[in-house]
Amino acid sequence: MIRTRFSKFLTSASSTKNAPPPLHSEVAFLGRSNVGKSTLINEILESNLAKSSSTPGKTKLINFFTTQWVRDCNRVQAKSSTEQKADFIKSISKSSVDFAKTDAKSGVESQPKSALDFGCESSVNFSEKSSTDSSVDYPQVLEFCLIDLPGIGYAKVSKTELKQWQQNLWRFINERKSIKLFLHLIDSRHTDLAIDFALKNSILSLLNADQQYLQVFTKADKLSKNDLAKLHQKNSQNNAIIMAYNDKIPKKYGGKEVLREAIFDGVLGICASSKKGADLKISPKISPPKISTQKI
């Protein structure tokens, strides 16, 4: 289980030039206008830090939030003093081999060295634990940054202003190498839009080895049970996560805790959902998706 220690709004920026320097690994939320990015951020942070609106294109700036999460790991069996000592002697024995190799190269004859030769035996304390204290918890603490990006596509602004937004956004995505996980939010009711395919293709084309991509379907509470099951079946192979308002969704489909686990692993670089879609034809040329001014 993951707990939130703290979350706070950091700052806003209009482009890479006035964005804050990255202090931690970052997770970027991106998708079409009015897909629910700000709402989702508030959901997983259990706060109201991100300002959400029903008006498409309300988020005009790149908003930064910092948070610290704690994951309670499963209890790990602690080693007894005998096992600790065996591991220690084994590591020292390896060192002995390394020293012997060094002496051989230098032509100096030497005797094999043991742990006692280094005086280590008396300096290491292998405390014996009782059977009731043979396991221990190792919680993981992770501090990182969430980035709420302006929506792609339709917005109630002029075409000139919209184009400038998209250029600044795409430049930021290209240059912000501290982003370790891209969360592509897609409206569960409109899963096959050209703009989402273009956005996915574009993001995948620029991923570095330490960056990952994950699809998150929002607003699933507006689907029927039958449509929800179909959505899950269709996207189960790419590890997509389905979200619903107020987290009212069966865990087998997704939900807040599943998404938080995926984000935690993604920041650590162990997210399993970073496959670069073998079904996609990725263009070697990195370019932003075409901007649509049509309202969905």
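First things first, this report covers the structure right here in the doc. Treat the numbers as computed from the prediction; the structure is a model and nothing was measured.

1. Describing the overall build of the protein chain
Within the protein chain one finds 6 helices and 9 strands. When each of the 296 residues of the protein chain is scored for burial, the buried share is 41%. By sequence separation, contacts in the protein chain at least 24 residues apart represent 80% of the contacts at least 6 residues apart. Accessible area for the protein chain stands at about 16,700 Å²; split by element, carbon and sulfur atoms hold 52% of it.

2. What to know about the pattern of salt bridges
Counted according to the given criterion, the structure contains 10 salt bridges. In this structure, the salt-bridge partner of Asp72 is Arg3, at a minimum N-O distance of 3.0 Å. One end of the pair, Asp72, is in the loop between β3 (62-71) and β4 (76-77); the other, Arg3, is in strand β1 (residues 2-13), and 69 residues separate them in sequence. Notably, a salt bridge pairs Asp196 with Arg32, separated by 3.7 Å at the nearest N-O pair. Of this pair, Asp196 sits in helix α4 (residues 194-206) while Arg32 sits in the loop between β2 (26-31) and α1 (37-45), and the two are 164 residues apart along the sequence. Grouping residues by exposure puts Asp196 and Arg32 together as buried.

3. Quick look at unusual backbone geometry
In this structure, Asn34 is a non-glycine residue whose phi angle is positive, near 65°. Inspection of the secondary structure puts Asn34 in the loop between β2 and α1. On the basis of relative accessibility, which here comes to 33%, the residue Asn34 falls in the partly exposed class. With a phi close to 60°, Lys219 is a non-glycine residue in the positive phi region. Tracing the sequence through the fold places Lys219 in the loop between β8 (212-218) and α5 (225-235).

4. Some details on the sheet that holds strand β7 (residues 179-187)
The mixed open sheet is built from 7 strands, whose spatial order is β1-β3-β6-β2-β7-β8-β9. A single partner strand is all that each edge strand has here, and the edge strands are β1 and β9 (241-242). Two elements, β8 and β9, share 2 bridges in a ladder whose sense is parallel. Within β9, the residue paired with Val216 across the bridge is Ile241.

5. Details of the pairing of β8
With 7 of 7 residues buried, β8 lies mostly within the body of the structure. Of the two faces of β8, the one holding Gln212, Leu214, Val216 and Thr218 and the one holding Tyr213, Gln215 and Phe217 are both buried throughout. Direction of pairing for β7 relative to β8: parallel, over a ladder of 7 bridges. Looking at β8, one finds that Phe182 is bridged to Tyr213. As for the winding sense of the linkage, the β-α-β connection from β8 through α5 to β9 is right-handed.

6. A closer look at the environment of Lys60
Assignment of secondary structure puts Lys60 in the loop between α1 and β3. The spacing of Lys60 and Ser12 is 48 residues in sequence and 9.6 Å in space, taken between C-alpha atoms.

7. Things to note about the pairing of β3
Summarising burial for β3: 10 of the 10 residues are buried, a large majority. The alternating pattern of β3 places Ile62, Phe64, Thr66, Gln68 and Val70 on one face and Asn63, Phe65, Thr67, Trp69 and Arg71 on the opposite face, and all of these are buried. Inspection of the sheet shows β1 paired to β3 by 10 bridges, in the antiparallel sense. Note that in β3 the partner of Ser7 across the bridge is Thr67. As paired elements, β3 and strand β6 (residues 140-148) share 9 bridges and run antiparallel to each other.

8. Re the packing of α1 against helix α6 (residues 256-268)
At a closest axis distance of 10 Å, the pairing of α1 and α6 adopts a crossing angle of 90°. If you check the angle between α1 and α6, you find them roughly perpendicular. Counted together, Leu40, Glu43 and Ile44 of α1 and Lys256, Leu259, Arg260 and Ile263 of α6 form the full contact between these two elements. Each residue belonging to the contact of α1 with α6 can be placed in one class, and the counts come to 4 nonpolar, no polar and 3 charged.

Scoring rules and cut-offs
- Residues numbered from 1 in each chain as written.
- Predicted model: local features only at pLDDT ≥ 70, side-chain atom pairs only at ≥ 80, totals over all residues.
- Heavy atoms only, no water.
- Helix = DSSP H or I, 4+ residues; strand = E, 2+ residues; numbered from the N terminus.
- Buried < 20%, exposed > 50% of the residue type's maximum accessible area, 1.4 Å probe, protein only.
- Contact = heavy atoms within 4.5 Å.
- Areas by Shrake-Rupley, 256 points an atom, 1.4 Å probe, with all protein chains shown as cover.
- Salt bridge = Lys/Arg side-chain N within 4 Å of Asp/Glu carboxyl O.
- Pairing = 2+ DSSP bridges.
- Right-handed = clockwise from strand over helix to strand, strands pointing away.
- Axes fitted to C-alpha atoms, helices over the stretch in contact; angles between N-to-C directions.
- Parallel < 35°, antiparallel > 145°, perpendicular 65-115°, else oblique.
- Nonpolar A, V, L, I, M, F, W, Y, C, P; charged D, E, K, R; others polar.

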